[in-house]
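Notes for the structure review
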Amino acid sequence: MGFLDILLGRSRPVAPDLDQLFGLPSAAVTLEAAAGFTPTGHGSVCFASVEGAAFDDVREEVRELLDADSEPPVEVSRDDYGYTWLVSRREPDDLPALVGDLHAVNSTLEGSGFGPQLLCSVVGFRHGDGRRLGLVYLYKRGTFYPFAPLPGDGQRRDNALELQVRAALGNDLRVEQDLGRWFPLWGAPGGLG
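So, here is what we can say about the structure in this document. (Residues numbered from 1 in each chain as written. Predicted model: local features only at pLDDT ≥ 70, side-chain atom pairs only at ≥ 80, totals over all residues. Heavy atoms only, no water.)

1. A closer look at the environment of Arg131
You can see Arg131 is positioned in the loop between strand S4 (118-127) and strand S5 (132-138). It is 8.5 Å that separates the C-alpha atoms of Arg131 and Phe37, two residues lying 94 residues apart in sequence. Looking at Arg131, its side chain comes within polar contact range of the side chain of Asp129, at 3.0 Å. (Helix = DSSP H or I, 4+ residues; strand = E, 2+ residues; numbered from the N terminus. Polar contact = N/O pair within 3.5 Å; in protein donor to acceptor, adjacent residues only side chain to side chain.)

Structure below.
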């Protein structure tokens, strides 16, 4: 970063730190104690699709890597916006294995030169009363934020719950401070949207 960048208030973007994902199991304990949410066992990685044999090979490598260790095999789907989601399903009490799956997907894509296509990773949580919550890891920011869709057909969020979760997890995860980057994930695979 140069002197002119400092004067103009420009900063370097935060580098992704995939090891932040390993903070999710301890954050899950805090989340259950503070708000009553428990893991669903579902998690996913979202990335912008790229056409070509190299990307298809990497996507197949990721799928084979995860299929070897999980039953049922991982699911690959596309959302209405054209993004690809790789969904992993584990037992709800096996959050460390789920986090390992998500880390492996992100690391494989990043190591193969497709880091710029990575968008986010999501881990699902549920409350006993049926409410849903996702903890979203923004790859390009290296931060997490909560996404809490309200039940029903409309696309509405439980903003109060999201702020409550932010306050509860502030010591466990690197939480995104810019609320404008707390993007809704309507229709995201894994039961969130």
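From this point, the discussion proceeds with the structure in view.
2. Examining a negative patch on the surface
Together, Asp57, Glu60, Glu61 and Glu64 line one region of the surface with negative charge. If you trace the backbone, Glu64 turns up in helix H3 (residues 53-67). (Patch = residues over 30% accessible without salt bridge, like charges linked within 9 Å, V, L, I, M, F, W, Y side chains within 5 Å. Areas by Shrake-Rupley, 256 points an atom, 1.4 Å probe, with all protein chains shown as cover. Salt bridge = Lys/Arg side-chain N within 4 Å of Asp/Glu carboxyl O. Lys, Arg positive; Asp, Glu negative; His and termini not counted. Charge placed at Lys NZ, Arg CZ, Asp CG, Glu CD.)

3. Concerning the packing of helix H2 (residues 24-35) against helix H5 (residues 159-169)
Two numbers describe how H2 lies on H5: the axes approach to 10 Å, and their chain directions differ by 125°. Between H2 and H5, the crossing angle belongs to the class labelled oblique. Remark: the crossing between H2 and H5 carries right-handed chirality. Only Gln164, Val165, Ala168 and Leu169 of H5 make contact with H2, whose side of the interface consists of Ala27, Thr30, Leu31, Ala34 and Ala35. Broken down by class, the residue content of the contact of H2 with H5 amounts to seven nonpolar, two polar and no charged. (Axes fitted to C-alpha atoms, helices over the stretch in contact; angles between N-to-C directions. Parallel < 35°, antiparallel > 145°, perpendicular 65-115°, else oblique. Left-handed = near helix turned anticlockwise from the far one by under 90°. Contact = heavy atoms within 4.5 Å. Nonpolar A, V, L, I, M, F, W, Y, C, P; charged D, E, K, R; others polar.)

4. Topic: the nonpolar core
Across soluble globular proteins, nonpolar side chains show a tendency to be buried alongside one another. Ranked by size, the top nonpolar core spans 34 residues in total, and within it Leu24, Leu31, Phe125 and Leu135 carry the most contacts. Here this core takes seven residues from helix H4 (residues 95-114), the largest share from any one element. Judged by nonpolar contacts, the second largest core, of 14 residues, contains Cys120, Val175, Trp182 and Trp186. (Core = buried A, V, L, I, M, F, W, Y, C linked by side-chain atoms within 4.5 Å. Buried < 20%, exposed > 50% of the residue type's maximum accessible area, 1.4 Å probe, protein only.)

5. Some remarks on the pairing of strand S1 (residues 37-48)
Of all twelve residues in S1, nine are buried, a share of seventy percent or more. Sheet topology note: the S1/S4 ladder contains eight bridges and is antiparallel. Bridge assignment links Ser44 to a residue of S4, and that residue is Val122. (Pairing = 2+ DSSP bridges.)

6. Here we look at the layout of surface pockets
Each pocket or cavity is described by its volume, and for the largest pocket that value is around 400 Å³. In terms of lining residues, the largest pocket is bounded by 19 residues, among which Tyr83, Leu119, Cys120, Phe183 and Leu185 are the most central. At the level of elements, strand S3 (83-89) and S4 are the ones that each hand at least two residues to the lining of the largest pocket. For the lining of the largest pocket, the element with the highest residue contribution is S4, accounting for three residues. Residues belonging to the lining of the largest pocket are distributed by class as follows: 14 nonpolar, one polar and four charged. (1 Å grid on protein atoms, 1.4 Å probe; cavity = no way out; pocket = protein on both sides within 12 Å on 5 of 7 lines; lining within 4 Å. Points joined across faces, edges and corners; volume = space filled by probe spheres on them.)

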